[in-house]
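Each chain, written out:
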Amino acid sequence: MTVLTGADGQLFSGTQAFAKCRDWSITVNKDALEDTCLGAYDRTYVQGLRGTTGSATLLYDPSNSVANDFLNSVMEDIPSTQEVTFKLNRRGLADGGGSFKCTGFLTSVSPSVSVGDIQAVSVSFQVSGKPEGGF
């Protein structure tokens, strides 16, 4: 049995890993739409649209231009989305889960100051469309 841990997490742009995920959280929601008929005594529902959001604490090298471009995208005035892969454990998309590949954008970036070459930053993101992969 494979255990998901934050220690194994990585963030990829294409095939290039540009950050480690110290911890992460992904939330997939599906709306419940009421379709109760007039005269019914109990409410009934159907499935609605799905939405995915998430957050992570990333560890990255500030000299890595891919990481800097990704983190600075929240400061851009022009709307943009990026395709990224969150590899949550040692397994990949082809190995039955543990990774999510999605297109979306950062909604918040909270950098912190640390000593040494590696920087930590907390990010939140909004996924646009259906994420590939699974638990």
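The present account deals with the structure reproduced in this document. On a predicted model such as this, the values are computed, not experimentally measured, just so you know. (Residues numbered from 1 in each chain as written. Predicted model: local features only at pLDDT ≥ 70, side-chain atom pairs only at ≥ 80, totals over all residues. Heavy atoms only, no water.)

## Description of the overall build of the chain
Counting secondary structure elements, the chain contains one helix and seven strands. Going from N to C terminus, the chain has its helices and strands arranged as β-β-β-α-β-β-β-β. Once local pairs closer than 6 in sequence are excluded, the contacts in the chain between residues at least 24 apart make up 54%. Surface accessibility of the chain: about 8,600 Å² in total, with carbon and sulfur atoms responsible for 51%. (Helix = DSSP H or I, 4+ residues; strand = E, 2+ residues; numbered from the N terminus. Contact = heavy atoms within 4.5 Å. Areas by Shrake-Rupley, 256 points an atom, 1.4 Å probe, with all protein chains shown as cover.)

## Description of the environment of Ser-55
Counting through the fold element by element, Ser-55 comes out in strand E3 (residues 45-60). On the basis of relative accessibility, which here comes to 30%, the residue Ser-55 falls in the partly exposed class. Non-local contacts of Ser-55, meaning those with residues more than four positions away in its chain, are made with Asp-23, Trp-24, Ser-25, Val-123, Ser-124 and Phe-125. (Buried < 20%, exposed > 50% of the residue type's maximum accessible area, 1.4 Å probe, protein only.)

## Digging into the pairing of strand E1 (residues 9-13)
Relative to strand E2 (residues 16-34), E1 is paired through five bridges, and the arrangement is antiparallel. Its bridge partner lying in E2, Ser-13 is registered against Gln-16. Where E1 and strand E4 (residues 82-87) come together, three bridges link them in antiparallel fashion. Bridge assignment links Gln-10 to a residue of E4, and that residue is Lys-87. (Pairing = 2+ DSSP bridges.)

## Some details on the pattern of salt bridges
This model, assessed by the stated rule, comprises one salt bridge. As a salt-bridge pair, Arg-43 and Glu-34 come within 2.9 Å of each other at their nearest N and O atoms. (Salt bridge = Lys/Arg side-chain N within 4 Å of Asp/Glu carboxyl O.)

## Focus on the nonpolar core
The nonpolar side chains of a soluble globular protein tend to be buried with one another. Among the nonpolar cores identified, the biggest contains 20 residues, and Leu-11, Leu-58, Phe-70, Leu-71, Phe-86 and Val-123 are the most heavily contacted of them. Sorting the residues of this core by element identifies E2, E3, helix H1 (65-72), E4, strand E5 (99-111) and strand E6 (119-127) as the ones contributing at least two each. (Core = buried A, V, L, I, M, F, W, Y, C linked by side-chain atoms within 4.5 Å.)

## Observations concerning the pairing of E2
Taking the residues that link successive antiparallel strands as the turn, the E1-E2 hairpin has two residues, and the phi of Gly-14 there is positive, at about 65 degrees. The sheet contact formed by E2 and E3 spans 13 bridges and is antiparallel. Note on E3: the bridge partner recorded for Lys-20 is Leu-59.

## Brief notes about H1
Note: α-helices contain 3.6 residues per turn, so residues at a spacing of three or four share the same orientation. Within H1, burial applies to Ala-67, Phe-70 and Leu-71. Taken around the axis of H1, the buried residues stretch over an arc of 90 degrees, which confines them to a single face. On its buried side, H1 packs onto E1, E2, E3, E4, E5 and E6. Measuring from the backbone nitrogen of Val-66 back to the side-chain oxygen at the start of H1 gives 2.9 Å, which picks out Asn-64 as the cap. (Arc of directions from axis to C-beta. Polar contact = N/O pair within 3.5 Å; in protein donor to acceptor, adjacent residues only side chain to side chain.)

## Topic: the side chain of Ser-73
Position of Ser-73 among the secondary structure elements: in the loop between H1 and E4. Discounting chain neighbours no more than four positions away, the residues touching Ser-73 are Gln-82 and Leu-106.

## Quick look at the side chain of Asn-64
By the secondary structure assignment, Asn-64 is in the loop between E3 and H1. For Asn-64, a relative accessible area of 19% puts it in the buried group. Separated by 2.9 Å, the side chain of Asn-64 and the backbone nitrogen of Val-66 make a polar contact. Once residues lying within four places of it in the same chain are set aside, the contact partners of Asn-64 are Gln-16 and Phe-18.

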